[in-house]
Structure formats: C-alpha cells, structure tokens
Amino acid sequence: MKAILRWIAGVIGTIIALAATIVLLPYAGDIVNKIMPDVTSAAERTAGVISSKLSESARLESITVTESGTVNHDLSLAGISVGGVTFDYDYTASFGIDLKRVQMVVSGSKIVFMLPQPELILDDLVPRNISRKDTLVIISDEDYEALLERERLACRARYLSGDRQQELWDATVRVMQSTVEVWLTNVDDRLSFEYALLDESSGS
C-alpha cells in the first residue's frame with residue numbers, strides 16, 4: 001500500500017512540475033535577464049572602448065628579429081670554380097600590424113579580434129667577412145648588391161610566408177593581448193577575448 005501511495009505521489013509531483021514549467025516558460029527569458037545582467041551590452045561597450053583606441057593608434061610592432069647567416073656564391077665553368085664571393089651577414093627586421101585594420105565581432109560575452117596578416121615594418125641585411133674569389137670572373141658591384149638583396153628577401157619571406165610565419169603570428173597575438181589589457185582598466189570577468197586572422201580575400 002505504501003509503495004502505491006509513493007508512486008501516486010511521484011506521479012502527482014511530476015505533473016505539478018511539468019505544469020509549472022509550461023506556465024513559466026513564456027517568462028523564462030525575462031527571469032534570466034533579471035537574474036543575469038546583459039552580458040552582450042557589456043561586451044558591446046567594451047568593444048566600443050577598444051574601437052576608439054584602435055582608431056587613435058597606428059602600427060603595433062609584433063616582434064623584432066635578428067639572425068645571422070652565410071652566403072657562398074660560386075661561379076663555375078665545366079665544374080671548375082672561376083669566381084664567386086662568400087660573406088656572412090646579420091639580418092634584422094621588425095614586423096607588426098596596422099591597428100586601424102583590426103576588426104571586432106561581438107557574440108554574446110565573447111569579443112573576437114580579427115587581426116590583419118602581420119607585415120614588414122622595416123628590415124636590413126648587413127654583410128661582413130666578405131671574401132671575393134675573382135679567379136677568372138669578377139663579381140660586379142651590381143651582382144654583389146643583387147646577392148645581398150636576394151638574401152634579404154629570402155630572410156623576410158621566412159617570416160611572412162615561410163617556416164617562421166607561425167612564430168610571427170603567435171607573437172602578434174601575444175602583443176595584441178597585452179595591448180588590450182593596458183587599454184582596459186576594469187574588465188568584466190564574464191567577457192572573453194579571442195583572436196583570429198582577418199579574411200581580406202574580398203578586398204575589404
């Protein structure tokens with residue numbers, strides 16, 4: 001008998017809970033909004049502050065690199081060296097992004113920063129320990145300068161599109177994160193920030 005009464009009580013409880021849910025369902029949105037402040041509005045206000053800072057800024061330097069290397073340019077004829085030049089070099093470069101091209105997307109409590117592809121700010125390649133091998137063919141100054149330029153472009157490409165590209169992107173995200181932290185003094189703890197590459201294929 002007691003088991004039957006418990007079963008009936010359980011059924012009645014389930015029916016009451018279901019009825020309460022049906023009654024309160026149209027008001028659920030209002031109840032949630034009263035309990036939790038509007039996070040989206042907070043995100044939009046924060047995005048507005050950052051947008052103002054971005055419009056006042058220019059370039060953001062992501063990373064400065066220094067690396068060394070050696071170029072051995074040999075001219076041969078029928079397998080015999082007839083001239084060339086060898087030199088060491090120091091390559092320095094600075095890369096970053098144009099902050100005015102940064103875009104933001106607000107989605108609930110999340111702000112996504114769409115960052116442009118990092119680009120070169122400036123670079124330089126300085127040769128040292130130059131050794132000319134003017135056996136039969138003399139390397140002209142124009143050819144020598146062309147060698148320097150070719151190596152400089154090769155070093156640059158490693159960061160913009162080669163094996164160091166991910167390193168450059170990671171550095172850009174870290175610097176952007178630090179910059180946003182400086183700009184925002186009182187950040188709402190409910191907000192989150194993400195960083196993604198801006199798709200500029202449409203020419204925007």
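Our structure's up above, just so we're on the same page.
Bear in mind the structure is a predicted one, so any value in this text is a computation, not a measurement.

1. With respect to the packing of aromatic side chains
Part 1 of the reasoning: Scanning the model with the defined rule gives four aromatic pairs in all.
Part 2 of the reasoning: Summarising the aromatic geometry, the rings of F113 and F193 are spaced 6.0 Å apart at their centres and angled 35° between planes, so their arrangement reads as tilted. With a gap of 80 residues between them, F113 in strand β4 (residues 110-115) and F193 in strand β6 (residues 192-197) connect regions that are remote in the sequence.
Part 3 of the reasoning: In textbook terms, an aromatic cluster arises when at least three aromatic residues are bridged by ring pairs, as seen for F113, F193 and Y195.
Part 4 of the reasoning: The ring of Y144 carries R132 above its face, with NZ or CZ at 5.2 Å from the centroid.

2. What about unusual backbone geometry?
Part 1 of the reasoning: Located in the positive-phi region is N129, a residue other than glycine, with phi close to 50°.
Part 2 of the reasoning: Counting through the fold element by element, N129 comes out in strand β5 (residues 119-133).

3. Thoughts on the environment of S41
Part 1 of the reasoning: Tracing the sequence through the fold places S41 in helix α3 (residues 39-55).
Part 2 of the reasoning: On the basis of relative accessibility, which here comes to 23%, the residue S41 falls in the partly exposed class.
Part 3 of the reasoning: Sequence spacing of S41 and V106 is 65 residues, and the spatial spacing of their C-alpha atoms is 9.7 Å.

4. As for the sheet that holds β4
Part 1 of the reasoning: With mixed pairing, the three strands of this open sheet are ordered in space as β3-β4-β6. Because the sheet does not close on itself, it has two edges, and the strands there are β3 (103-107) and β6. Averaged over neighbouring strand pairs, the angle between their axes works out to 25° when direction is ignored.
Part 2 of the reasoning: Strand direction decides the pairing type here: β3 and β4, joined by five bridges, are antiparallel. Within β4, the position partnered with V106 by the bridge is I111.

Calculation notes
- Residues numbered from 1 in each chain as written.
- Predicted model: local features only at pLDDT ≥ 70, side-chain atom pairs only at ≥ 80, totals over all residues.
- Heavy atoms only, no water.
- Phe/Tyr/Trp six-rings, centres within 6.5 Å; stacked < 30°, edge-to-face > 60°.
- Helix = DSSP H or I, 4+ residues; strand = E, 2+ residues; numbered from the N terminus.
- Lys NZ or Arg CZ within 6 Å of the ring centre and 35° of its normal.
- Buried < 20%, exposed > 50% of the residue type's maximum accessible area, 1.4 Å probe, protein only.
- Pairing = 2+ DSSP bridges.
- Axes fitted to C-alpha atoms, helices over the stretch in contact; angles between N-to-C directions.

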